[in-house]
Amino acid sequence: MNLKSLTLLLFSASLFIYLSGCDDYSQNSYTEQYVVEAYLTANNDLPPVRVSTTLPAGQPYTFENAALDSAEVSISRIGEQGNVRAQTTYHQPDTGRSGYYYPVASENQKVQALSEYRLQVQPPNGTQTVRARTFVPDTFRVQESANDTIAYQATEQIETTISSIRTPYQDQSHFIFTVISDNPRFENLTPFYKDQADDETDISDFIKNDSGIINEGNFDINPDGSITLKLPWIGFAFYEKNAVVTSSIDKNLYDFVRSQSVQTGGSTLAPGEIQNVIYHVENGIGVFGSMSSDTIHTYLERPFSNN
């Protein structure tokens, strides 16, 4: 599983519809803001950057309508002393995709784990530069999978054990599981998802499922420093072969996902008590985050009583 697949799951187009309408301004005093979006994955190439603006709450949102062209965009890797170790400039190739910026090919570099990166966007005719920074989580490997094949909702839950992770700039590690079906057919739906489906349901919506954020309280730290995580059954929408992606996310993604989930119904707080979405972007809003990930495969059997 690569970064593109995971980020499409985490931050679909509906996310930025949300960004355009749920902001820290009132409907009576709208102020346009710049929106940036980029996700780095350790050991992958630097990703594209999307740049757009917010739109008034009453105006239908599409990224094409909000896309911003002719900005100056760069991403820099920062050394331990705060100096710029490498800088990659971005450009807009003639692809017809407004708002998308790509690394200059000759400058593109692999994302390094345990490194700080800074995004800088200078909008055309803008008086303020949009800035954001991320610290890329440590890489890891899945050491073992005790359940290459397992029956759905068996007593023994699916687990993954990963190598130890260094977290120099955050108190604990945060993970997200993404489960991707290799054989998404209606007859392969697990009971929870089959109960929600009918002849008109687009089952492609169930092909990728994420667990939400898994905090330290939801996994075991072993004596050798490795971490054992339990996969929730709700993540499996289809029987048979599934890819399970384990991702360690940075503070930016952690804060964004948890605060965004509260805004969209993941809380019992009254509207006046709900905090704003946490962006960690200076002079704008959006997401500039990073992650490390690894993938295993498991075969989900139907319950033994149904075989």
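What you are looking at is a predicted structure, and each value in this text was computed from that prediction instead of being measured.

A. Expanded view of the pairing of strand β3 (residues 72-78). The element β3 is largely enclosed, with a buried count of 6 among its 7 residues. When β3 meets strand β6 (residues 116-122), the two strands line up antiparallel, connected through 7 bridges. The residue of β6 that forms the bridge with Arg77 is Tyr117. Examined bridge by bridge, β3 and strand β4 (residues 84-91) share 5 bridges and lie antiparallel to one another. Across the sheet, Ser76 pairs through a bridge with Gln87, a residue of β4. Adjacent in sequence and paired antiparallel, β3 and β4 are bridged by 5 residues, among which Gly82 carries a positive phi angle near 85°.

B. Here's a closer look at the side chain of Glu37. Tracing the sequence through the fold places Glu37 in strand β1 (residues 34-41). Its relative accessible area of 7% is what places Glu37 among the buried residues. Here Tyr39 takes part through its side chain, which lies 2.9 Å from a polar atom of the side chain of Glu37. Within the structure, the side chain of Glu37 is placed 2.5 Å from the side chain of Arg50, a separation counted as a polar contact.

C. Here's a closer look at the pairing of strand β7 (residues 130-135). With burial as the criterion, only one face of β7 is covered, namely that bearing Val130, Ala132 and Thr134; the residues Arg131, Arg133 and Phe135 on the opposite face remain uncovered. The sheet contact formed by β7 and strand β16 (residues 281-282) spans 2 bridges and is antiparallel. By the bridge assignment for β16, Arg131 is matched with Glu282.

D. Main features of unusual backbone geometry. The backbone of Ser70 shows a phi angle near 65°, a positive value even though the residue is not glycine. Here Ser70 is to be found in the loop between α3 (63-66) and β3. Even without being glycine, Asn283 reaches a positive phi, approximately 65°. Relative to the assigned elements, Asn283 resides in the loop between β16 and β17 (285-301).

E. Main features of the pattern of salt bridges. For the structure shown, the criterion picks out 13 salt bridges. Across the salt bridge formed by Asp45 and Lys110, the nearest N and O atoms sit 3.0 Å from each other. Here the residue Asp45 occupies a position in the loop between β1 and β2 (49-53), and Lys110 occupies one in the loop between β5 (100-103) and β6, the gap between them amounting to 65 residues. Note that Lys230 and Glu159 form a salt bridge whose closest N and O atoms lie 3.4 Å from each other. Linking Lys230 in strand β14 (residues 227-230) with Glu159 in strand β10 (residues 159-162), this pair joins segments that are 71 residues apart in sequence. A residue is classified by how much of its surface remains accessible, and Lys230, at 35% relative accessible area, is partly exposed. Take Glu159: its relative accessible area is 27%, and that puts it in the partly exposed class.

F. The nonpolar core, seen in detail. If you look at the biggest cluster of nonpolar residues, it comprises 34 residues, and the most contacted ones within it are Val49, Val73, Ile75, Tyr117, Leu119, Val121 and Phe288. Secondary structure elements with two or more residues in this core: β1, β2, β3, β6, β7, α5 (251-263) and β17. The biggest single contributor to this core is β1, with 5 residues. Setting aside residues up to four positions removed in sequence, Leu119 forms contacts with Val36, Val49, Val73, Ser74, Ile75, Val130, Arg131, Ala132 and Phe288. Judged by nonpolar contacts, the second largest core, of 21 residues, contains Val179, Ile214, Phe219 and Trp233.

G. The arrangement of the environment of Val287 in detail. When you line up the elements, Val287 lands in strand β17. Overall, Val287 belongs to the buried group, its relative accessible area being 2%. Filtering out sequence-adjacent residues up to four positions away, Val287 remains in contact with Val36, Glu37, Ala38, Tyr39, Leu253, Phe256 and Val281.

H. Layout of the packing of aromatic side chains. Per the stated rule, a full pass over the model turns up 10 aromatic pairs. Arranged with centres 6.3 Å apart and planes meeting at 80°, the rings of Phe140 and Phe175 form a pair that is edge-to-face. Here the residue Phe140 occupies a position in the loop between β7 and β8 (142-144), and Phe175 occupies one in strand β11 (residues 175-181), the gap between them amounting to 35 residues. Taken as a pair, Phe140 and Phe175 share a single burial class, namely buried. A ring pair is formed by Tyr152 and Tyr239, whose centres lie 5.7 Å apart and whose planes are at 85°; its orientation type is edge-to-face.

I. Structural context of the environment of Glu159. As for Glu159 and Leu229, which are separated by 70 residues in sequence, their C-alpha atoms are 5.6 Å apart. A polar contact of 3.4 Å, which involves the side chain of Glu159, links it to the side chain of Lys230.

J. Layout of the confidence of the model for the protein chain. Per-residue confidence for the protein chain gives a mean pLDDT of 83, with 82% of residues at or over 70. Segment residues 1-21 is flagged for pLDDT under 50; beyond a separation of four residues in sequence, or across chains, it makes 52 contacts in the model.

Rules of the game
Residues numbered from 1 in each chain as written. Predicted model: local features only at pLDDT ≥ 70, side-chain atom pairs only at ≥ 80, totals over all residues. Heavy atoms only, no water. Buried < 20%, exposed > 50% of the residue type's maximum accessible area, 1.4 Å probe, protein only. Helix = DSSP H or I, 4+ residues; strand = E, 2+ residues; numbered from the N terminus. Pairing = 2+ DSSP bridges. Polar contact = N/O pair within 3.5 Å; in protein donor to acceptor, adjacent residues only side chain to side chain. Salt bridge = Lys/Arg side-chain N within 4 Å of Asp/Glu carboxyl O. Core = buried A, V, L, I, M, F, W, Y, C linked by side-chain atoms within 4.5 Å. Contact = heavy atoms within 4.5 Å. Phe/Tyr/Trp six-rings, centres within 6.5 Å; stacked < 30°, edge-to-face > 60°. pLDDT = per-residue confidence, 0-100.

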